[in-house]
Amino acid sequence: MKPKKSFGQNFLVSEAISKRIVDTFFEKEKTGRVLEVGPGKGALTKYITNYEDVKFKAVEADKNMSSYLLSNGIISGTQLINKDFLKMSLDRIFEGEQFSVIGNFPYNISSQILFRIEKYKDLVPLVVGMFQKEVAQRITSPEGSKSYGVISVLLGTAFDSKILFHVKPGNFFPVPKVTSSVIMLERKEDFHLSCNPGLFKSIVKASFGQRRKMLRNSLKPFLKDSDLLSLKIMEKRPEQLSIDDFCSLTDQIENI
């Protein structure tokens, strides 16, 4: 079974790393329900299914890969969902019950997968996944760092994230040109924003859309002739603001 560029497939071929990812995941997994996104040839799947008393499903968009998993007995027909994860209603997978997510995510849609999970954060308390190292650093970056951006803030509202370990290119087929990283996202105890979430997201995206500019320039469409333009925070650049700062700013803008 050859990997397809259109699906962003790079197969993990290291048994040791596959087992390490799954074992680390189950050290934290508490829901008893697990969804694997992009199982590919089953590098993680065969270790996940070793864990008893776990309700398991896997989402695979590639029909040929789904056939491979079924014909080789890696997964059963009741466990496999042959659909595009980005177009699924996640509340239907386990009938509205919470579940954890694991995956060697396709690199070309890895960020989109996380944004989809963030949308359903009420259902997902834990994520462990493989990403390009650069993407992993953006996800886990704190304010003030060069990698801090939209994905850091939006995921950081609901999840605490950390890089678990890095994976060298030689552990994949085909061999990618980049180093990969496995990261863990654990949902915060208080994961709901105290400000308007839609406006918050728009402000964060607008701020980092012109990240080299001060906020008074990048947020002009939201402020117009408001007195907020003269506030000291407006002299800052977006990477200098914490999530709480963005939320406070959202409240101020909403109440103009």
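Fair warning: this is a prediction, and the values are worked out from it, not measured in the lab.

J.: Explanation requested: the packing of helix α7 (residues 197–209) against helix α10 (residues 243–254) in the structure shown.
T.: Each pair of packed helices can be summarised by the angle the axes make with each other and by the distance between the axes. In the contact formed by α7 and α10, the axes pass within 9 Å of each other and the chain directions differ by 110°. Put simply, α7 runs roughly perpendicular to α10. Here α7 runs over α10; the crossing is right-handed. Facing L199, F200, I203, V204, S207 and F208 of α7, the residues of α10 in contact are I243, F246, C247, L249, T250, I253 and E254. Within the contact of α7 with α10, the residues separate by chemical class into ten nonpolar, two polar and one charged.

J.: What should I look at first to understand the sheet that holds strand β7 (residues 159–167) in this one?
T.: Sheet strands pair by backbone hydrogen bonding; their relative direction is either parallel or antiparallel. Read from one edge to the other, the open sheet built from seven strands follows the order β4-β3-β2-β5-β6-β9-β7, with strand pairing classed as mixed. Looking at the sheet topology across the chains shown, the edges are occupied by β4 (80–81) and β7. In this structure, strand β2 (residues 33–37) lies alongside strand β3 (residues 55–59), joined through five bridges in parallel fashion. For R33, the partnering residue across the bridge sits in β3 and is K55. Running over the sheet, helix α5 (residues 133–140) touches β6 (126–132), β7 and β9 (180–187) and is turned about 135° from β6.

J.: In this structure, what is going on with the packing of aromatic side chains? I would like to understand it.
T.: Centre-to-centre distance and the angle between the planes together describe a pair of aromatic rings. In the structure shown here, the tally under the stated rule is seven aromatic pairs. With a centroid separation of 5.1 Å and an interplanar angle of 85°, the aromatic rings of F25 and F26 are classed as edge-to-face. Taking relative accessible area as the criterion, F26 reaches 14% and is therefore assigned buried. Judged by centre distance (5.3 Å) and plane angle (75°), the rings of F105 and F131 are edge-to-face. Separated by 26 residues along the polypeptide, F105 in the loop between β5 (100–103) and α4 (110–119) and F131 in strand β6 bring together distant segments of the chain.

J.: Looking at this structure, I do not really get helix α1 (residues 15–28). What am I missing?
T.: Residues that lie three or four places apart on an α-helix share one face, since the helix turns once every 3.6 residues. In this model, α1 (14 residues) spans 21 Å end to end at C-alpha, consistent with the 20 Å of a helix rising 1.5 Å per residue. Within α1, the full set of buried residues consists of I17, S18, I21, V22, T24, F25 and F26.

J.: Teacher, can you tell me more about the pattern of salt bridges here?
T.: For side chains bearing opposite charge, pairing can occur when the charged atoms are close. A full pass over the atoms with the stated rule returns six salt bridges. Residue E97 is joined to R33 by a salt bridge in which the shortest nitrogen-to-oxygen separation is 3.7 Å. Taken together, the positions of E97 in the loop between β4 and β5 and R33 in strand β2 put the pair 64 residues apart, joining distant regions of the chain. E97 gets classed as partly exposed once you look at its relative accessible area, which sits at 36%. Overall, the relative accessible area of 15% leaves R33 in the buried class.

J.: What's the story with the environment of K133 in this structure? I'm lost.
T.: Secondary-structure assignment places K133 in helix α5. Apart from residues no more than four positions distant in its own chain, K133 is found in contact with H166, T179, S180 and S181.

J.: Teacher, can you tell me more about the pairing of β2 here?
T.: Sheet faces and side chains relate simply in a regular strand, where the side chains alternate between the two faces. Across the five residues that make up β2, a large majority, five, are buried. Neither face of β2 is left uncovered, since the one carrying R33, L35 and V37 and the one carrying V34 and E36 both have all their residues buried.

J.: Just to check I follow, could you spell out the nonpolar core for this structure?
T.: Where a protein is soluble and globular, its nonpolar side chains tend to be buried together. By size, the foremost hydrophobic cluster in this structure holds 30 residues, and its most contacted members are F99, I117 and I139. Ignoring sequence-local partners within four residues, the contact set of I139 consists of L114, F131, I151, S152, L155, S161, I183 and L185.

Procedures and definitions
Residues numbered from 1 in each chain as written. Predicted model: local features only at pLDDT ≥ 70, side-chain atom pairs only at ≥ 80, totals over all residues. Heavy atoms only, no water. Axes fitted to C-alpha atoms, helices over the stretch in contact; angles between N-to-C directions. Helix = DSSP H or I, 4+ residues; strand = E, 2+ residues; numbered from the N terminus. Parallel < 35°, antiparallel > 145°, perpendicular 65-115°, else oblique. Left-handed = near helix turned anticlockwise from the far one by under 90°. Contact = heavy atoms within 4.5 Å. Nonpolar A, V, L, I, M, F, W, Y, C, P; charged D, E, K, R; others polar. Pairing = 2+ DSSP bridges. Phe/Tyr/Trp six-rings, centres within 6.5 Å; stacked < 30°, edge-to-face > 60°. Buried < 20%, exposed > 50% of the residue type's maximum accessible area, 1.4 Å probe, protein only. Expected span 1.5 Å × (residues − 1). Salt bridge = Lys/Arg side-chain N within 4 Å of Asp/Glu carboxyl O. Core = buried A, V, L, I, M, F, W, Y, C linked by side-chain atoms within 4.5 Å.

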